[in-house]
Structures are given as C-alpha cells and as structure tokens.
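# A look at the structure
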Amino acid sequence: MSEGYSDADLFSTGDIFARRELLRVGHVPDRDRIVGRDSEMRQVGAALGPATDGGPPRNLIIFGKTGTGKSLVSRHICRRARKHSQKSGINLRHVYVDCSDADTETRVARELVLQVRDELAPSMDVPVQGIGASEYYRYLWTLLDDVDVFVVILDEIDKLADDDVLMQLSRAEESGKTDAYVGVISISNKIEYREQLNERVNSSLQDRELTFHPYDAPQLEEILENRRDAFLDGVLHDDVIPKTAALAAREHGDARKAVDILFEAGSLAEERDDTEVTSQHVDDAQQRTEVKRFQDLVSGSTPHVKYILRALALLTLNSDDQQFSTSEIHRLYERLAENEGSDPLSHDRVYRLLKEQSFLGITESYHTGGGASKGAFLQHRLMKDPEIVIEALDTGKQDD
Ligand SMILES: Nc1ncnc2c1ncn2[C@@H]1O[C@H](COP(=O)(O)OP(=O)(O)O)[C@@H](O)[C@H]1O
Ligand SMILES: [Mg+2]
C-alpha cells in the first residue's frame, strides 16, 4: 500500500484550520465571544425579563442591516431566558423561524408545531402536509399545555406573505386558545420595511422597537480575533484579520461577511496547499465571495437578462464612461444574444428589463438632458464591479 493512502493522509485535516466550525455560517458564539452588543442584549433581555418570572413577555421588532447580529443576539438571549426561567420553575420555550424558508401562514404554523413537538413530544404524530394553518394551531395549543411562556422569533419577517400568523400569535392568549403567554420577536433586515410593518402588525405586537447598528472596523476585528482559534497556531499572517475587518467595514459593517471572507481566505490557502494565510488570500477570497453573491442575485434571471448585464458590464469595463443609453446597451446585447444563438429582444423590452434590474440595485437608471420630460434620455449605470459581474456570468454559465 502506498503511503498516500494511509488513514492520516486520506483523512487529513489540513495545515490551516484547527476548528473550522467557528467560521461556519450559523455558528453561535459563546456569550463571551459576542462583541459590542451589550445594550442590544440588555434590551432583548428586558423584553423577556417578565416572562422568566411567569409574566407576559413584551413583543419586540428588531431592525438592522444584514450581519449586525440580530439573529445571533435574539437566539442567544432566548436561550438564556429559558435557562434562567427554569430557576423559578417557569417553563419558557422558544422557537426560531426563518420566514425566508417558511413564508406563508401554514408553513410558519407547521414549523412552530414541528419544533415544539420535537422538543416536548417527539413521539406525537403530526402530518407534514395535507392540513392547513388552523389544524396546525390546534396541535400547537395542545402541545403548549404545560408551557408557561412561548416566545417565537420570526426572522426575515418581511418575507412573510401575510400577517395572519402575527394576528393568531398576538391574540392567542387573550382569545383563550392557550394559557401560555405568547411573545413575538420580529426581525427584519430592511429598515425601509418599518412603516409597512407598523401598519401590518397590530398594536399589541409592537411593544418595542430596536435597531441594530453596523459594526465598525475595530469591533469587526474583535469579532474575528475571537475566532482566531479556528486556525492552527502561526498560520494567520498579522495583517489578515485587520484587513478582513477593514474590507467588511467598508461594505456596511457586516459581521457575517467578515467571518465569511476569513473562512474563504483559509479555504483558498488550503486549496492551494499553502501553509499560511496572507492578505493575498483575503483579496482573492473577497473577490470570490463577491462573485458568489452576484451569482445568487442573478440565479433566477433569464438568459436575456444575463446578456443585458454582460453587455452593460463590458461597456463599463471598456470605456471611461460609466453611464450608457438603452440604445448603446441594446446594440451590444443584440450581438451577445445572437452569438449565443438566441433571438434578441426588442429595444423596449431591454429598456424594461434594465429598469427591473434597477429595482434590484444591480443597475441605476436615470434621465439626463431635460429631466424626465419627453425626449430625455434614459441612462443606465452598473452598480457592481464589472469584473465581478463578468466573472460571475462566465462561471455561472454552465448552470443555464
Ligand atoms: N456581536 C457579534 N459577536 C460575534 N459574532 C458576531 C456578532 N454579530 C454577528 N456575528 C457573527 O456574524 C454572523 C451573522 O450575524 P447575524 O446575527 O446572523 O446577523 P443578522 O441576523 O443581523 O443578519 C453570526 O452568525 C456570527 O457568526
Ligand atoms: Mg439574521
């Protein structure tokens, strides 16, 4: 047997990582690894405080951009509230629902039931399909029979198609469906969503509102420092963590992004059989995560939209100008589409598709010369790095 097939070789854990799980999405750091969120933790704690003593929790709405610790802090505090309430003999349960997965009333209701069932009555049979929201609520109220307080975290609540779940939960106790006090922590990444949410959610759900602000570079640095032990000793160059923190701070202080880039940098070093992680790996990792993100963003788009974006990216890359008229883009788009053997869409369709892209923040469209009046030109500008766009469209091509 050759040496390359020894178990140690075959199952090698590499030269870079010691505990890579510390850098995985969804990893919940211990309390002493949560940085710069003391006041937010206190406020979530204050909302749940009465509940740990058997009283009604306050509902809470949390806003803030992605990667500002909203999900982390909410889950962490719920877990602690649950432990703390045990001391006073209070049965507090919490469930976490991501509304980007469970985006209808029935799906959320089912998720609530299944999570509580798994915890409190694993042998109970619950149908996973063929029944509606109201049946799921019946299961839920039965399951909550011995529960004093039930806290529901509804994350990414702006993805939820309707408000019926909110209504049900907010009125459950008052309408006698259950004896448990029900509290809801609603979370949204979209600050713009605030007005709408306030309208949607009935007044009993908006006891308190809390905004999570972005992290600054030193905080991001500390978050990353706290996970240095994800790497083997001596593997990380000194400038890697500060550089990663600076990149993520420039974006909008997104901790998830910072952690992702650090993980990607380590993975790149590993793939290349390097034994150290340098700032070059960080640059390359940044590029790679941007490309992936853009691919996710356009993954549902038609090939024509992709030709249009490629045309705009090529124009941007090959000219000093940053803005292009619909006609300029259309001309290049026609060639690209024909090269791929498809019939190009009309000028008007391309114009409308470009406007759609501007809603997604991929492009920006505006009038020049004479404002929005008749005869004014519509110009379009790519809001992403053209090299990233082209690389993403190239590597994403096989999947089309
Ligand atoms: N204050 C923090 N301390 C340590 N790690 C953090 C902190 N905030 C965020 N993170 C890390 O970033 C990831 C994303 O945070 P998350 O709570 O999911 O952000 P949000 O829900 O606001 O989008 C978390 O899984 C965690 O790894
Ligand atoms: Mg989140």
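Residues numbered from 1 in each chain as written. Chains lettered and ligands numbered in written order. Predicted model: local features only at pLDDT ≥ 70, side-chain atom pairs only at ≥ 80, totals over all residues. Heavy atoms only, no water.

## Observations concerning the overall build of the chain
Selection rule: Think of it this way: any DSSP run of H or I at least four residues long counts as a helix, any run of E at least two long counts as a strand, and we number them from the N terminus. The classification of residues rests on relative accessible area computed with a 1.4 Å probe and restricted to protein chains. Under 20% of the type maximum is buried, over 50% is exposed, and intermediate values are partly exposed. For this analysis, residues touch if any pair of their heavy atoms sits within 4.5 Å. Accessibility throughout is a Shrake-Rupley quantity obtained with a 1.4 Å probe, and a residue counts as covered only by protein chains that appear here. Positive: Lys, Arg. Negative: Asp, Glu. His and the chain ends are not part of the count. By convention, charge coordinates are those of NZ in Lys, CZ in Arg, CG in Asp, or CD in Glu.
Tallying secondary structure elements over the chain gives 15 helices and eight strands in all. Dimensions of the chain along its principal axes, counting C-alpha atoms only, are 70 × 70 × 45 Å. Buried positions account for 45% of the 400 residues belonging to the chain. In the chain, the share of contacts with a sequence separation of at least 24, taken over all contacts with a separation of at least 6, comes to 71%. Approximately 20,400 Å² of the chain is accessible, and the part contributed by carbon and sulfur atoms is 44%. Of the charged side chains in the chain, 49 are positive and 73 negative, and the gap between their average positions amounts to 4 Å.

## Side note on the nonpolar core
How we decide: Definition used in this section: a nonpolar core is a set of buried Ala, Val, Leu, Ile, Met, Phe, Trp, Tyr and Cys residues joined via side-chain atoms within 4.5 Å.
Among the nonpolar cores identified, the biggest contains 33 residues, and Val108, Leu112, Leu140, Phe150, Leu154 and Leu169 are the most heavily contacted of them. Those elements that provide at least two residues to this core are strand 2 (92-98), helix 4 (105-120), helix 5 (133-143), strand 3 (149-155), helix 6 (164-171) and strand 4 (181-188). When sequence neighbours within four positions are dropped, the list of residues in contact with valine 108 reads Val97, Ala102, Leu154, Leu160 and Val165. Ile16, Leu247, Val277 and Val282 belong to the second largest nonpolar core, which has 30 residues in total.

## Remarks on the packing of aromatic side chains
Note the threshold: Two aromatic rings from Phe, Tyr or Trp, using only the six-membered ring of Trp, form a pair when their centres are within 6.5 Å; if the ring planes differ by under 30 degrees the pair is stacked, by over 60 it is edge-to-face, and anything between is tilted. In our convention, an over-ring charge means Lys NZ or Arg CZ found within 6 Å of a ring centre and within 35 degrees of that ring's normal.
Tallying each qualifying case throughout the model produces three aromatic pairs. Relative to tryptophan 141, the ring of tyrosine 137 has its centre 6.1 Å away and its plane inclined at 10 degrees; by these criteria the two rings are stacked. Of this pair, tyrosine 137 and tryptophan 141 are both found in helix 5, four residues apart, which corresponds to roughly one turn of the helix. Taking relative accessible area as the criterion, tyrosine 137 reaches 5% and is therefore assigned buried. The exposure class of tryptophan 141 is buried, given its relative accessible area of 10%. The rings of Phe17, Phe231 and Phe263 are connected pair by pair, giving a single aromatic cluster. The ring of tyrosine 96 is capped by arginine 75, whose NZ or CZ atom sits 3.9 Å from the centre of that ring.

## Describing the packing of helix 12 (residues 303-317) against helix 13 (residues 326-339)
Rules: Lines are fitted to the C-alpha atoms to define the axes, a helix being fitted only along its stretch in contact, and any angle between axes, read from their N-to-C directions, falls within 0 to 180 degrees. Oblique is the label for any angle not under 35 degrees, not over 145, and not in the 65 to 115 range, which are roughly parallel, roughly antiparallel and roughly perpendicular in turn. The handedness criterion is simple: a crossing whose near helix is rotated anticlockwise from the far helix by less than a right angle is left-handed, and one whose near helix is rotated clockwise is right-handed. Polar here means any residue other than Ala, Val, Leu, Ile, Met, Phe, Trp, Tyr, Cys and Pro, which are nonpolar, and Asp, Glu, Lys and Arg, which are charged; Gly is therefore polar.
The interhelical angle for the contact between helix 12 and helix 13, taken along N-to-C directions, is 120 degrees, at an axis separation of 8 Å. In terms of orientation, helix 12 and helix 13 fall into the oblique class. Considering how the two elements wind past one another, helix 12 and helix 13 form a crossing that is right-handed. Across the interface between the two elements, His304, Tyr307, Ile308, Arg310, Ala311, Leu312, Leu314 and Leu315 of helix 12 pack against Glu328, Ile329, Leu332, Tyr333, Leu336 and Ala337 of helix 13. Within the contact of helix 12 with helix 13, the residues separate by chemical class into eleven nonpolar, one polar and two charged.

## Overview of the sheet that holds strand 5 (residues 208-212)
The condition is simple: Two strands qualify as a pair provided that DSSP identifies no fewer than 2 bridges between them.
Pairing is parallel across the open sheet formed by five strands, whose spatial order is 2-3-4-1-5. Looking at the sheet topology across the chains shown, the edges are occupied by strand 2 and strand 5. Between one strand axis and the next, the sheet turns through 15 degrees on average, direction left out of account. The sheet contact formed by strand 1 (residues 60-64) and strand 5 spans five bridges and is parallel. For isoleucine 62, the partnering residue across the bridge sits in strand 5 and is leucine 210.

## Considering helix 6
Rules: The arc in question is formed by the directions pointing from the helix axis toward the C-beta atoms.
Of all the positions in helix 6, only Val165, Leu166, Leu169 and Ser170 are classed as buried. When helix 6 is viewed along its axis, its buried side chains cluster within an angular range of 125 degrees and face the same direction. Against the buried residues of helix 6 lie helix 4, helix 5, strand 3 and strand 4.

## Brief notes about the site of ligand 1
What counts here: Only heavy atoms are used to decide nearness, and a residue is near a molecule or strand if one of them lies within 4 Å of it. In protein, a polar contact requires one atom able to donate a hydrogen and another able to accept it; more generally it is a pair of N or O atoms within 3.5 Å, and residues adjacent in sequence count only if both atoms are side-chain atoms. Throughout, the edges of the domains are those of an automatic or database domain assignment.
With respect to spatial proximity, 19 residues lie near ligand 1, and among them Val35, Gly67, Lys70, Ser71 and Tyr215 are the closest. Within the contact set of ligand 1, a nitrogen atom lies 3.5 Å away from a backbone nitrogen or oxygen of arginine 33. In the environment of ligand 1, a nitrogen atom lies 2.6 Å from a nitrogen or oxygen atom belonging to the side chain of tyrosine 215. Burial of ligand 1 by the protein chains amounts to 94% of its free accessible area of 560 Å². Every element with two or more residues in the shell around ligand 1 is listed here: helix 3 (70-86) and helix 10 (255-271). Broken down by class, the residue content of the shell around ligand 1 amounts to seven nonpolar, six polar and six charged. Two domains each put at least three residues into the shell around ligand 1: domain 1 (37-212) and domain 2 (218-297).

## Thoughts on the pairing of strand 4
Rules: When the strands point away from the viewer, a crossover counts as right-handed if the path from the first strand over the helix to the second runs clockwise.
Judged by how many residues are buried, strand 4 sits mostly within the fold: seven of eight residues are covered. In this sheet, strand 4 lies alongside strand 1 in parallel orientation, the contact comprising four bridges. Residue pairing in the sheet places leucine 60 in a bridge with isoleucine 185 of strand 4. Here strand 3 runs beside strand 4; their pairing, made up of six bridges, is parallel. What sits directly across from phenylalanine 150, in strand 4, is valine 182. Viewed along the sheet, the connection from strand 3 through helix 6 into strand 4 turns out right-handed.

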